[in-house]
Every structure is written in C-alpha cells, then in structure tokens.
Amino acid sequence: MTWKLYALVSGGGLLATYLMSSPTIVPGRAVPAAAAPQRAVRQTQDEIDIQELAARLQARVRAEAEYREPGRDPFRFVARQPARQVNSPKPHVIEASVPFVAAPVLPSIALSGIATDQIDGVSQRTAVLSTPAGILIVREGESVAGLYRVVTIEDEAVELEASDGTRRTLRFSGR
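Residues numbered from 1 in each chain as written. Predicted model: local features only at pLDDT ≥ 70, side-chain atom pairs only at ≥ 80, totals over all residues. Heavy atoms only, no water.

Chemist: Tell me about the overall build of the chain, and please be specific about residues and values.
Modeler: In terms of regular secondary structure, the chain is built from two helices and seven strands. For the chain, with 175 residues in total, the buried portion stands at 11%. Nonlocal contacts in the chain, meaning residues at least 24 apart in sequence, comprise 24% of its contacts between residues at least 6 apart. Carbon and sulfur atoms make up 58% of the accessible area of the chain, which amounts to about 16100 Å² in all. (Helix = DSSP H or I, 4+ residues; strand = E, 2+ residues; numbered from the N terminus. Buried < 20%, exposed > 50% of the residue type's maximum accessible area, 1.4 Å probe, protein only. Contact = heavy atoms within 4.5 Å. Areas by Shrake-Rupley, 256 points an atom, 1.4 Å probe, with all protein chains shown as cover.)

Printed below as a string of structure tokens:
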C-alpha cells in the first residue's frame, strides 16, 4: 500500500467517524409549551430541597469544627505515653522450685524397610532406617544415631530404647 492510499483511507475513516458521532438534529420539532412551566416548578422545588440540605450540612460542619489533637502523628516520633492503668488485681504468679528443662530435640528417624535372612535355620531380621545423616542398616542390640538401641525388629515395626529407658516404636509410614 502506498502512502497516498494510506492517507486517503485514514482520512476517510476520520471523516466517517466525525459524521457518525455528531448529534442528530431534527428540524421542525419543538418542545411543547405545556411542558416548560412544569420543569420550572420542578427546578424551584429542587432548588429549595438543595438549599435545605446545604443548611443542614453547614450546621453539622460548624458543630464538628473544633480542633482535636490527633491520636497519632505518623511524621513525629516521640515516646509513647503509658496507657491508663485499670485497677485490676494482678495475677498470682507461682514460682517453680525446679527449673524447667526442655526435652532434647530427637532426630527424625523413619523405618524404610525390613529384611529377613535365614542363618543356620534361624530367621534374623535387619531394619533399614532413614535418618538425617543417611541410611542405617541395623540388627537387634545395635546403636542408632548414638541415642537409641534396637530392642526388637518385627515384621512391620522396630522398637527403639533410649538411654533413659523410654521406648519408641517405628512403623512403616507408606501403609
């Protein structure tokens, strides 16, 4: 397309848009004379209503025009004023004679698998445990992560005993 054709098409489009967007005027059509006085009456009634509303608003604005110190000023940093103290009884605090000792965080140990071997006609189970340090393969009586000792290995569970005598049972999580 040449620039001349492009200019002609664009100009025609602008002209058509202008002609279509202009208001349509119908000649010979006038507003009836009877409708004009009703509009004047409506306008005067509306003006009265607006004046009454403006007067009520002015009265409300004058009543609220007193200056009050704002509760906070985001542009000024000052120390907080202490809140008013309410006369309420203070809670009774009981001090413990024994200090609180938090339990140690135990490592996450999960049972990954159990294998059974036949040695001299006796079945011997081996557990596969997943720890944060890696995978451990243990038998009954062996140590796990230096915190537990394997007590028993069953078909679907392993029982561990801590040094303080507490026992922990690990089961398959996938079933």
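Picking up after the structure, the text goes on.
Chemist: Can you lay out the pairing of strand β1 (residues 110-119) for me, pointing to particular residues and giving the numbers?
Modeler: Regular strands place their side chains on alternate faces of the sheet. Alignment of β1 against strand β2 (residues 122-131), held across nine bridges, turns out to be antiparallel. Across the sheet, A115 pairs through a bridge with T126, a residue of β2. The antiparallel pairing of β1 with β2 creates a hairpin that spans two residues between the two strands, and D120 there sits at a positive phi of about 55°. (Pairing = 2+ DSSP bridges.)

Chemist: Lay out the environment of G141 with the relevant residues and their values.
Modeler: Relative to the elements of secondary structure, G141 occurs in the loop between β3 (134-138) and β4 (143-144). Taking relative accessible area as the criterion, G141 reaches 45% and is therefore assigned partly exposed. C-alpha of G141 to C-alpha of E161: the two residues are 20 residues apart in sequence and 9.9 Å apart in space. Those residues within four positions of G141 in sequence are excluded, and the remaining contacts are R149 and V150.

Chemist: Lay out the side chain of T126 in plain terms, naming residues and giving numbers.
Modeler: Examined against the element boundaries, T126 turns out to sit in strand β2. The class for T126 is buried, based on a relative accessible area of 9%. Not counting the four nearest positions on each side in its chain, T126 is found in contact with G113, I114, A115, D117, I137, V138, R139 and I153.

Chemist: An account of the sheet that holds strand β7 (residues 167-171) is needed here, citing residue identities and associated values.
Modeler: The pairing of strands in a sheet comes from backbone hydrogen bonds and takes either a parallel or an antiparallel form. Taken in spatial order, the four strands make up an open sheet running β4-β5-β6-β7, and their pairing is antiparallel. In the strand order of this sheet, the two ends are held by β4 and β7, each with one partner. Two strands pair when backbone bridges link them, and strand β6 (residues 157-162) and β7 are joined in this way by five bridges, in the antiparallel orientation. Paired with E161 across the strands is R167, a residue of β7.

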